[in-house]
Every structure is written in C-alpha cells, then in structure tokens.
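So you can see what is in the structure, the chains are spelled out below.
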Amino acid sequence: MGAVRRHEGAFVWTGIAREAYERSGLAGVTKQVLIGPRDGAGNFAVRYFELEPGACSSLDVHEHDHGVVVLRGRGIVRLGETRQELAFGDVVYVSPREIHQFQNHGDEPFGFLCVVPPRP
C-alpha cells in the first residue's frame, strides 16, 4: 500500500522522526527515513540527512550503491581519494565498495536525499 507524507517546511515531513545519526563520534548529523520498510518498500529506502556547519558523515564503504540529491546548503563529497564541492541540485552516485564521506562546507545546514537498498 502506498503512502504520502507531507513536507511541513524546514526539511521536516509529517510523521517522520528526526533521529541523531548514531555512528561513533559523529555530532551534528540527523537522519529521517522518508520511505522504507515500514512503508512496504522492498527494493529501496529514501533517507534525508542533514549536517550542521562543520559536521561530516562517517567515512563509509558498503557493498551496495546509492544515489544522493543535494537539497540544501553546500558541502563536499569524498569519493575514493577525490573530493568535489556540492550545492543545491547536484547529484552523486556512490559505487558499491567505494569509500565515501559528506562534509558540510557552509554556514547553514547541508541536507541531501540518499536512496539505498532497504534495511529491516
């Protein structure tokens, strides 16, 4: 069964909890799961991450690929040993097993959608 969640402004959606992204030593990073297993999505999840100024995501590598769409602020993405600046509307493809990290590079929150395989 499908679901609709309304955007309430300020990058908050109806019925979606804003969670601290609990990875070791990370501060200033939140996550909202907009579409996921609780909705019956069996093939993907859509998450919104927001990084406060100066914050960064964990340095990660996964077996799955994912896509990212920047919605807010300015940032830097590390893909392997390459770094690229990001701003509104930019998209990023992260290949399977590629080292990656996102960092807020501005004075306002840096927010992006991330599409990945679902997690139970």
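Scope of this entry: the structure provided in the associated data block. (Residues numbered from 1 in each chain as written. Predicted model: local features only at pLDDT ≥ 70, side-chain atom pairs only at ≥ 80, totals over all residues. Heavy atoms only, no water.)

A word on the overall build of the chain
Then step 1. When helices and strands are tallied, the chain shows zero helices and eleven strands.
Then step 2. Relative to the globule expectation of 14 Å for 120 residues, the C-alpha radius of gyration of the chain, 14 Å, shows essentially globular dimensions.
Then step 3. Each of the three principal axes of the chain carries a C-alpha extent, and together these read 40 × 30 × 30 Å.
Then step 4. Sorting the 120 residues of the chain into buried and exposed places 38% on the buried side.
Then step 5. Taking all contacts inside the chain whose residues are at least 6 apart in sequence as the whole, residues at least 24 apart take part in 60%.
Then step 6. Counting every atom, the chain has about 6,900 Å² of accessible surface; 53% of that belongs to carbon and sulfur.
Then step 7. A gap of 4 Å separates the mean positions of the 13 positive and 15 negative side-chain charges of the chain. (Helix = DSSP H or I, 4+ residues; strand = E, 2+ residues; numbered from the N terminus. Rg over C-alpha atoms; globule rule 2.2 N^0.38 Å. Buried < 20%, exposed > 50% of the residue type's maximum accessible area, 1.4 Å probe, protein only. Contact = heavy atoms within 4.5 Å. Areas by Shrake-Rupley, 256 points an atom, 1.4 Å probe, with all protein chains shown as cover. Lys, Arg positive; Asp, Glu negative; His and termini not counted. Charge placed at Lys NZ, Arg CZ, Asp CG, Glu CD.)

Description of the pattern of salt bridges
Then step 1. Tallied over the entire structure, the rule returns seven salt bridges.
Then step 2. Arg5 is the partner of Asp39 in a salt bridge, and the nearest nitrogen-oxygen pair spans 2.7 Å. Within this pair, whereas Asp39 is found in the loop between strand S4 (29-35) and strand S5 (45-51), its partner Arg5 is found in the segment before strand S1 (7-9), the two being separated by 34 residues in sequence.
Then step 3. With relative accessibility at 16%, the residue Asp39 sits in the buried group.
Then step 4. Here Arg72 ties to Glu50 by a salt bridge, and the two come within 2.9 Å at their closest N and O atoms. Within this pair, whereas Arg72 is found in strand S6 (residues 66-72), its partner Glu50 is found in strand S5, the two being separated by 22 residues in sequence. (Salt bridge = Lys/Arg side-chain N within 4 Å of Asp/Glu carboxyl O.)

Some remarks on the packing of aromatic side chains
Any two aromatic rings considered together are summarised by their centre-to-centre distance and by the angle between their planes.
Then step 1. With the rule as written, the count across this model stands at five aromatic pairs.
Then step 2. Ring geometry for Phe110 against Phe112: centres 5.4 Å apart, planes inclined by 50°, an arrangement best described as tilted.
Then step 3. Residue classification places Phe112 among the buried residues on the basis of a relative accessible area of 3%.
Then step 4. Members of the aromatic cluster, each reached through a chain of ring pairs, are Phe49, Phe102, Phe110 and Phe112. (Phe/Tyr/Trp six-rings, centres within 6.5 Å; stacked < 30°, edge-to-face > 60°.)

Looking at unusual backbone geometry
Then step 1. Backbone geometry at Ala10 places phi at a positive 55°, although glycine is not the residue there.
Then step 2. Counting through the fold element by element, Ala10 comes out in the loop between S1 and strand S2 (12-13).
Then step 3. Assessed through its relative accessible area of 61%, Ala10 is described here as exposed.
Then step 4. Residue Phe11 is not a glycine yet carries a positive backbone phi of 55°.

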